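Structural description and commentary
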Amino acid sequence: MTNSNSPIIGIDLGTTMSAAAWFDQGTVRFIRNELDDVLTPSVVAVDPRTKNVVTGRIAKDLLASDPACGAALFKRSIGVDGASFSMGDRSFTPIELSAYILDSLRRDAERTFGEPVQRCVITVPAYFNEAQRRATLQAGQIAGLSVERIVNEPTAAAIAYGLNESPDELRFVVLDLGGGTFDVCVMEYFDGLLEVKSVAGKSQLGGEDFTRALLTLGLDKAGIPESSLSIGHFGLMLRRAELVKRQLARWPSATLNLADNDAEPLTVDISAEEASEAFQPLLSAMLEPCRTALRGNRMHADEVDDVILVGGGTRMPCVRQFAEDLFQREPKMDRDVDLVVVRGAAIQAALHAGDEALEDVVVTDVASHSLGISSSREISGRRIFDLFSPVIERNTVIPTSRSDVFATLEDNQTELSIEVYEGELRQASANRKLGEFTVKRIPKGPAGQQVSVRFTYDLSGILEVEATVLETGESVAHVFKRGREDLSDTEIERATQRMQGLKSDPRERPHYRDLLTRAHLLYQDSTGEHRARISYYLDQFESALSTSTPKTIEAAFNQLSEVCQRLDGGERW
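Each chain has its residues counted from 1, running along the sequence as written. Given that this is a predicted model, residues contribute local features only at a pLDDT of at least 70 and side-chain atom pairs are listed and counted only at 80 or more, while totals for whole chains, interfaces and linings are drawn from all residues. Excluding hydrogens and water, the side-chain values take into account all heavy atoms of the structure.

**A few points about the nonpolar core**
- Within the largest apolar cluster, 47 residues are counted, with the highest numbers of intra-cluster contacts made by Leu-175, Phe-210, Leu-215, Phe-279 and Met-286.
- With eight residues, helix α7 (residues 272–296) is the largest single contributor of residues to this core.
- Pairs of residues are marked as contacts when any of their non-hydrogen atoms sit within 4.5 Å. Sequence-distant contacts of Leu-215, that is, excluding residues within four places in its chain, are made with Phe-234, Met-237, Leu-238, Ala-241, Leu-256 and Leu-258. Think of a nonpolar core as a cluster: buried Ala, Val, Leu, Ile, Met, Phe, Trp, Tyr and Cys residues, connected wherever their side-chain atoms sit within 4.5 Å. To sort residues, take the accessible area from a 1.4 Å probe on protein chains only and compare it with the maximum for the residue type: under 20% means buried, over 50% means exposed, and anything in between is partly exposed. To qualify as a helix, a DSSP run of H or I must reach at least 4 residues; to qualify as a strand, a run of E must reach at least 2; elements of each kind are numbered from the N terminus.

**What about the sheet that holds strand β6 (residues 53–55)?**
- A pair of strands is labelled paired if DSSP reports no fewer than 2 bridges between them. Here we have three strands laid out as an open sheet, ordered β6-β5-β7, and antiparallel in their pairing. Looking at strand neighbours, the two that pair on one side only are β6 and β7 (70–72), the edges of this open sheet. Averaged over neighbouring strand pairs, the angle between their axes works out to 15 degrees when direction is ignored.
- Direction of pairing for strand β5 (residues 43–46) relative to β6: antiparallel, over a ladder of three bridges. Each bridged residue has a counterpart across the sheet, and for Val-46 the counterpart in β6 is Val-53. Axes here mean lines fitted to C-alpha atoms, for a helix over just the part in contact, with angles spanning 0 to 180 degrees between N-to-C directions.

**Overview of the environment of Phe-279**
- Structurally, the position occupied by Phe-279 is in helix α7.
- A residue is classified by how much of its surface remains accessible, and Phe-279, at 5% relative accessible area, is buried.
- Residues Phe-279 and Arg-212, 67 residues apart in the sequence, show an inter-C-alpha distance of 9.8 Å.
- Here Phe-279 is in contact with Phe-210, Ala-213, Leu-214, Met-316 and Cys-318, once residues within four sequence places are set aside.

**Topic: the packing of helix α4 (residues 153–160) against helix α9 (residues 340–352)**
- Following both chains from N to C, one finds α4 and α9 inclined at 80 degrees, their axes separated by 7 Å at the closest point. Considering the angle they form, α4 stands roughly perpendicular to α9. Of α9, the residues touching α4 (which contributes Glu-153, Ala-156, Ala-157, Ile-159 and Ala-160) are Val-340, Val-341, Arg-343, Gly-344, Ala-345, Ile-347 and Gln-348.
- For the contact of α4 with α9, a count of residues per class yields eight nonpolar, two polar and two charged. Geometric relationships in this document are graded by angle, where less than 35 degrees denotes roughly parallel, more than 145 denotes roughly antiparallel, 65 to 115 denotes roughly perpendicular, and other angles denote oblique. Residues are sorted three ways: Asp, Glu, Lys and Arg are charged, Ala, Val, Leu, Ile, Met, Phe, Trp, Tyr, Cys and Pro are nonpolar, and all the rest, Gly among them, are polar.

**Observations concerning the pattern of salt bridges**
- Here, a salt bridge means any side-chain nitrogen of Lys or Arg that lies within 4 Å of a carboxyl oxygen of Asp or Glu. For the coordinates displayed, the defined rule picks out 26 salt bridges.
- Between Glu-424 and Arg-394 there is a salt bridge, and its shortest N-O distance comes to 3.1 Å. Of this pair, Glu-424 sits in the loop between β24 (416–422) and β25 (432–439) while Arg-394 sits in the loop between β21 (382–392) and β22 (397–398), and the two are 30 residues apart along the sequence.
- What you see here is one network of salt bridges that share partners, running through Asp-103, Arg-106, Arg-107 and Glu-110.

**Comments concerning unusual backbone geometry**
- One non-glycine residue, Lys-51, lies in positive phi territory at about 70 degrees.
- Although it is not a glycine, Arg-441 sits at a positive phi angle of roughly 60 degrees.
- Summarising the element assignment, Arg-441 is placed in the loop between β25 and β26 (450–457).
- Under the relative-accessibility criterion, Arg-441 is labelled exposed at 59%.

**As for α7**
- Look at α7: 35 Å from first C-alpha to last across 25 residues, which is about the 36 Å you get at 1.5 Å a residue.
- Gln-280 marks the point of greatest bend in α7, at about 45 degrees, and the proline Pro-281 comes within the next four residues.
- Listed as buried for α7 are Ala-275, Phe-279, Leu-282, Leu-283, Met-286, Pro-289, Cys-290, Ala-293 and Leu-294.
- Positive backbone phi, at 55 degrees, marks Arg-298, one or two positions downstream of α7. Expected helix span is computed as 1.5 Å times (number of residues minus one). Note that bend, as reported per residue, equals the angle between axes fitted to the 7 residues terminating at that residue and the 7 residues originating from it.

**A word on the side chain of Thr-211**
- Here Thr-211 is to be found in helix α5 (residues 207–222).
- Distance and chemistry together define a polar contact, namely a pair of N or O atoms within 3.5 Å, with one atom able to donate a hydrogen and the other to accept it when in protein, and with adjacent residues in sequence counting only for side-chain atoms on both sides. Side-chain polar atoms of Thr-211 contact the side chain of Lys-245, separated by 2.9 Å.
- Beyond its immediate sequence surroundings of up to four residues, Thr-211 is in contact with Leu-238, Ala-241, Glu-242 and Lys-245.

These values are about where atoms sit, not about what they do.
Encoded structure:
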C-alpha cells in the first residue's frame, strides 16, 4: 500500500537521459545517483563478466564496447506491440527496460531521503498515445512506484520557466528535442490557467539522429562504407561522433577519429558549415510537426509570443537558428536544458501534493490523438464498413467526456460490437486498435435501435468507454488499461521479481565498477604509451580490489582516476 505521506518526486524518463527531483522549501532539488551525477543515461545492460544487470553510465560504457550486451533508445518503442530488446541471452520489453531506469531513480531518491519513496509524477512527450502512457504507468508499477500523474514534457517545461506566473496573457510554443524524440506543443496562459492547445511530434527524431548524420558525413569524407564497420567499431564511432557534435556547438571545426582500436590513425576534419548541411534533412523533418501543432490551434508562426527550447538537442546552433527563422524571434533557452523538464515535474509533483509554498496553477492538457469507434455509413446507396468515427477529436482539452449515438444495422439485432481505435485515418482498421467489447440485450426490433457511446478520458491517459442502450437504459463500460503490448498482472509481478533477481550485487561499489568500465574503454581506444600506462594502473587497481583493504583500494582508485581524467580530457573524472 502506498503511503500518502511519503515523499513525492518528479521524474523525467528521457530517451537518452533521465533525472529525478523534488520541491523543497521553495527550491527544486535534484536527486543525484550513486556516481554523484544528476543525469542518468537511459541505458540498461547485462555485464558480460558478472551477468548482473546495470543501468546508467556504467551500462552506457558497456554498450559502447559491446552493443549486444545492452539496450538504449527503448523509449522510442514503449507501447509498441511486440517490441523487445535482446541483452546477452535475455530478451526484455521496453516496459521492463524503462522499469530498470525508474527503479534506479527510486533507489537514488530513497538514499537521498533516507526513507522509502513510492509516489511520483512522470513526464512523457505530449504526442504520446494512450498505449504509450499506459506502458509508462506499468513501468512505474514494476519499479515499485505509484505514478500519481502523467505530465506532458512541454507542460513541465512551461512550469519550470515560470510562465504560469506571467502577469499577462501569453501564447507560446515549446520545442523539445531530446536524444531520441521531438515534441512540439502550443500553449496558452491566462489568469492562472496553463492550457495545452495542440501537440505534435516525432518519436523517431532526436539528437541521436544528428549524431548518426555526423558520423555518416565523416565516413563519406573518408571513403569508408558504413557496411564495412563491425558492430563494436560502429558503436565506438558513434561515441566519438557525439563528442565532435558537442565540440561543433562551440567551435568552427572539429576532428573525428575513425580508426578502430589498434588500427593506424585515421581522422577527418569536419566544419560547422558541413555539419549544418548534413543536418538539413533532419531540420526539415522538424518543420512538419511544428506546422501541424500551429494548424491545430489555427495560428501562424508570427502570432507566437514566446518560443521555449528544451532538451539536450537544442544546444546545437542549427536547431536554435531553425527556431529563430521559423518564429522570427530569439528563442528562450535555459542554461541546463537537460533539467528543465524534471524541474517542472518536481514542481508539478509538489502541486499535486498540495505544497503550501506554491501558488496553485490549473493545468489542462489535450488528447494527442483522436479516439473513436469503427462504424459504417451508407454512401450513394452502398453500405461502407470499417469507417473511423471519432468521439473525442485530437487536441480536445482533457479531462473530457463526450458521447455519440450509433445504431444497429439489422432487424432483431440484439448485440453490438464496439471496436475502439486511436488515430486520424479514415479507415478504422488502419488506426491503432485499443480493444473491443460487446453490448448485449438490445431489445428486438427493426434496424436502427440506438446505443449511446460515451468516451471519458483523463489526464493520465486512461480511457473509459461506456455504451448505453437508449431504450432500456442498460449500459456496459470498459476501461482500457491494457493493450496487446501491455503486461498482465501476472507478467508485471514476474517482471518485478526478475528485475529484483537480476540487480547488481549491492556490495559492488558503483564508483569502482564505473571506473573499471571506463578504464577498459579507454584502453581499447588508446595505443602505445597511453595504453601501457592505463594497463599498469588497471592492474594496480584490480589487484587492490582483491585485497579488500579500503585504504589500498582508495589509493589505487585515485591513481587510476587521474590517468583516466588525463586520457579522457577531464570529461568525467
